[in-house]
Amino acid sequence: MAGFIHRTTELSIPAKGAWLSALLSHIPDAKALLVCVAAAPIARADSREFVFTEAFRKAGYATLLLDGLTAYEEKRDPDARFDVPKLTERLTQVIEWAQHQPQLGQLALAISAVGTCGAAAIKTAEVINPQPFALVTRAGRIDLAGAAPLRRNRVPLLAIAGGSDDPTRDPAAHAYQLLESDKSWLEISRASERFIEPGTLDEAARAALQWVEQWRPATLDLASNG
């Protein structure tokens, strides 16, 4: 991917009766598409998730940062982020939108999700076709997906949690035991729920990239070597 500079575009994507803010960064011949979703606003070039996904862009991925809620919803109703069915339907519709875009539709897909959107990512992975090849959650409330979807999940999942100051850690750890897919648990003990402690977000990003690269289909590499 050397020589190409990512083109970053602000988007509004229709889903579940709302226009969701998104930020697409793309290059020709991208390895794959990483969709990064959170309930809180992240679709900005100054967001922490943009920093988190920089490792993927440097590795040749296209990235799509997605706000699962509108700014109005997020401010008006603090419980809106716990509406996993709504977040799931919106994430599903946005991925279906991406699959119909000329520059994105042929790319293999991975999903990175924060907070309650971790549950939505698991439920979305079950219904979209083709399935994502990897999932990453950070401070992810995967427990909110429910026992049956957790057991049915077949997509390799990396769950990244903070230490004792991360209130999502224990619920996620219990839910993690229900997963029968390939999985890995990473606890960054000095991190809180927001991963604002020095170096913790970078450590999480490196681990996420390593996990996604481990499971990425080798189609592009084979084509390049053929």
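Before going into details, it helps to say that this report is about the structure given with it.

Reading guide: rules and limits
Residues numbered from 1 in each chain as written. Predicted model: local features only at pLDDT ≥ 70, side-chain atom pairs only at ≥ 80, totals over all residues. Heavy atoms only, no water. Core = buried A, V, L, I, M, F, W, Y, C linked by side-chain atoms within 4.5 Å. Buried < 20%, exposed > 50% of the residue type's maximum accessible area, 1.4 Å probe, protein only. Contact = heavy atoms within 4.5 Å. Helix = DSSP H or I, 4+ residues; strand = E, 2+ residues; numbered from the N terminus. Expected span 1.5 Å × (residues − 1). Polar contact = N/O pair within 3.5 Å; in protein donor to acceptor, adjacent residues only side chain to side chain. 1 Å grid on protein atoms, 1.4 Å probe; cavity = no way out; pocket = protein on both sides within 12 Å on 5 of 7 lines; lining within 4 Å. Points joined across faces, edges and corners; volume = space filled by probe spheres on them. Nonpolar A, V, L, I, M, F, W, Y, C, P; charged D, E, K, R; others polar. Pairing = 2+ DSSP bridges. Right-handed = clockwise from strand over helix to strand, strands pointing away.

Details of unusual backbone geometry
So, point 1. In this chain, Asn-129 is followed by Pro-130 through a cis amide linkage whose omega measures 0°.
So, point 2. A positive phi is found at Ala-139, a non-glycine position, where the angle reads about 50°.

Brief notes about the nonpolar core
Taken as a class, soluble globular proteins show a tendency for nonpolar side chains to be buried jointly.
So, point 1. Of all hydrophobic cores here, the largest spans 45 residues; its most connected members are Leu-33, Leu-135 and Ile-142.
So, point 2. With residues near it in sequence (within four places) discarded, Leu-135 still touches Ile-111, Ala-121, Ile-122, Ala-125, Asn-153, Val-155, Pro-156, Leu-157, Leu-158 and Trp-211.

Some remarks on the environment of Asp-67
So, point 1. Tracing the backbone shows Asp-67 in strand E4 (residues 62-67).
So, point 2. The sequence separation of Asp-67 and Ala-40 amounts to 27 residues, and the corresponding C-alpha distance is 6.4 Å.
So, point 3. The residues contacting Asp-67, other than those within four sequence positions of it, are Leu-20, Ser-21, Ala-38, Ala-40, Pro-41, Ile-42 and Ala-43.

A few points about helix H8 (residues 200-215)
So, point 1. Relative to the 22 Å expected for 16 residues at 1.5 Å per residue, H8 spans 23 Å between its end C-alpha atoms, a close match to the ideal helical length.
So, point 2. Listed in full, the buried residues belonging to H8 are Thr-200, Leu-201, Ala-204, Ala-205, Ala-207, Ala-208, Leu-209, Trp-211 and Val-212.

Comments concerning the side chain of Lys-31
So, point 1. Of note, Lys-31 is situated in the loop between strand E2 (18-26) and strand E3 (33-38).
So, point 2. One polar contact links the side chain of Lys-31 to the main-chain carbonyl oxygen of Ala-59, over a distance of 3.1 Å.
So, point 3. A polar side-chain atom of Lys-31 sits 3.2 Å from a polar atom in the side chain of Glu-213.

A few points about the layout of surface pockets
So, point 1. Its volume calculated, the largest pocket comes out at about 520 Å³.
So, point 2. Forming the boundary of the largest pocket are 22 residues, of which Ala-38, Ala-40, Arg-81, Val-114 and Arg-194 lie nearest the centre.
So, point 3. Each residue belonging to the lining of the largest pocket can be placed in one class, and the counts come to ten nonpolar, four polar and eight charged.

Observations regarding the pairing of strand E5 (residues 109-114)
The two faces of the sheet receive side chains in turn, since in a regular strand these alternate between them.
So, point 1. Of all six residues making up E5, six are buried, and the element is well covered by its neighbours.
So, point 2. Judged by which residues are buried, E5 turns out to be covered on both faces: Leu-109, Ile-111 and Ala-113 on one side and Ala-110, Ser-112 and Val-114 on the other are all buried.
So, point 3. Bridge analysis of E3 against E5 gives five bridges, and the strand direction is parallel. Across the sheet, the residue bridging to Cys-36 is Ser-112, located in E5.
So, point 4. Pairing geometry for E5 and strand E6 (residues 134-138), over five bridges, is parallel. Counted as the bridge partner of Ala-113 is Thr-137 from E6.
So, point 5. Handedness of the crossover joining E5 and E6 through helix H5 (residues 117-127): right-handed.

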